[in-house]
Amino acid sequence: MDEDEAQKQRLKAAVHYTVGRLCQDIAADCEKQITKQTIAAIAETAFRQCDIFAKDLEAFARHAKRHTVTVDDVKLTARRTTALYNYIQQKSEELALNNQELKEKRKKNAAKRKSKDMEAEEENELED
């Protein structure tokens with residue numbers, strides 16, 4: 001088995017494990033049982049859908065002549081599923097707001113450092 005195939009099998013196993021844990025949690029909450037075959041089918045579907053998403057993301061970035069996938073590419077990929085698109089849009093807005101707040105804090109801190117440096121310089125000049 002070559003390196004790529006081994007990596008793919010490890011990813012599939014990780015997805016299967018995660019889906020199994022999620023199904024166990026949901027089944028416990030609903031007091032139901034989920035068969036191993038159902039878990040395997042959900043895991044395989046999720047893995048294939050992720051593969052499709054990854055290929056779409058690569059195609060959108062390539063079409064825009066970029067080497068980096070952007071938030072807009074992710075939104076394009078999710079556009080077919082309204083709930084997913086809305087969720088991604090909400091998270092995107094939250095991230096943008098957080099980034100804006102961080103930039104403002106950095107500017108304030110830089111301004112404070114600059115004013116402290118200037119005060120220290122003035123004190124040094126007065127001492128000389």
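An account of the accompanying structure is given in this report. None of the values given here were measured: they were computed from a predicted structure. (Residues numbered from 1 in each chain as written. Predicted model: local features only at pLDDT ≥ 70, side-chain atom pairs only at ≥ 80, totals over all residues. Heavy atoms only, no water.)

1. Quick notes on the overall build of the protein
Then comes step 1: The helix and strand tally for the protein stands at 4 helices and 0 strands.
Then comes step 2: Listed N to C, the secondary structure of the protein is α-α-α-α in terms of helices and strands.
Then comes step 3: A sequence separation of at least 24 residues applies to 28% of the contacts in the protein between residues at least 6 apart.
Then comes step 4: When the accessible area of the protein is evaluated, it comes to approximately 11100 Å², of which 54% is carbon and sulfur surface. (Helix = DSSP H or I, 4+ residues; strand = E, 2+ residues; numbered from the N terminus. Contact = heavy atoms within 4.5 Å. Areas by Shrake-Rupley, 256 points an atom, 1.4 Å probe, with all protein chains shown as cover.)

2. So, the packing of helix 2 (residues 36-63) against helix 3 (residues 71-78)
Then comes step 1: At their nearest, the axes of helix 2 and helix 3 sit 9 Å apart, and the two run at 130° to each other. When the axes of helix 2 and helix 3 are compared, the pair comes out oblique. The crossing of helix 2 and helix 3 is right-handed. Here helix 2 contributes Phe53, Asp56, Leu57, Phe60 and Ala61 to the contact with helix 3, which in turn contributes Asp73, Val74, Leu76 and Thr77.
Then comes step 2: For the contact of helix 2 with helix 3, the class distribution of residues is 6 nonpolar, 1 polar and 2 charged. (Axes fitted to C-alpha atoms, helices over the stretch in contact; angles between N-to-C directions. Parallel < 35°, antiparallel > 145°, perpendicular 65-115°, else oblique. Left-handed = near helix turned anticlockwise from the far one by under 90°. Nonpolar A, V, L, I, M, F, W, Y, C, P; charged D, E, K, R; others polar.)

3. Focus: unusual backbone geometry
Then comes step 1: Unusually for a residue other than glycine, glutamate 31 sits at a positive phi of about 55°.
Then comes step 2: Looking at the element boundaries, glutamate 31 is found in the loop between helix 1 (3-30) and helix 2.
Then comes step 3: For glutamate 31, a relative accessible area of 73% corresponds to the exposed category.
Then comes step 4: Backbone geometry places lysine 65, a non-glycine residue, at a positive phi of 60°.
Then comes step 5: Relative to the elements of secondary structure, lysine 65 occurs in the loop between helix 2 and helix 3. (Buried < 20%, exposed > 50% of the residue type's maximum accessible area, 1.4 Å probe, protein only.)

4. Considerations on the pattern of salt bridges
Then comes step 1: Scanning the entire structure with this criterion turns up 6 salt bridges.
Then comes step 2: Lysine 55 is the salt-bridge partner of aspartate 51, the closest N and O atoms lying 3.2 Å from each other. Highlighted residues: aspartate 51 and lysine 55, both in helix 2, separated by 4 residues, approximately one helical turn.
Then comes step 3: The class of lysine 55 is exposed, set by a relative accessible area of 51%.
Then comes step 4: The residue arginine 66 makes a salt bridge to aspartate 73 at a minimum N-O spacing of 2.9 Å.
Then comes step 5: Of the residues examined, arginine 66 reaches a relative accessible area of 29% and is grouped as partly exposed.
Then comes step 6: Where salt bridges share partners, they join Lys12, Glu44 and Arg48 into one cluster. (Salt bridge = Lys/Arg side-chain N within 4 Å of Asp/Glu carboxyl O.)

5. Details of the packing of helix 1 against helix 2
Then comes step 1: Running from amino to carboxyl end, helix 1 crosses helix 2 at an angle of 125°, the nearest separation of the two axes being 9 Å. The angle between helix 1 and helix 2 falls in the class oblique. Along this stretch, helix 1 crosses helix 2, giving a crossing that reads as right-handed. For the pair helix 1 and helix 2, contact is made by Lys8, Leu11, Lys12, Val15, His16, Val19, Gly20 and Cys23 and by Ile39, Ala40, Ile42, Ala43, Glu44, Ala46 and Phe47, respectively.

6. Concerning a negative patch on the surface
Then comes step 1: Taken together, the side chains of Asp2, Glu3, Asp4 and Glu5 present a region of like negative charge at the surface.
Then comes step 2: Structurally, aspartate 4 is set in helix 1. (Patch = residues over 30% accessible without salt bridge, like charges linked within 9 Å, V, L, I, M, F, W, Y side chains within 5 Å. Lys, Arg positive; Asp, Glu negative; His and termini not counted. Charge placed at Lys NZ, Arg CZ, Asp CG, Glu CD.)

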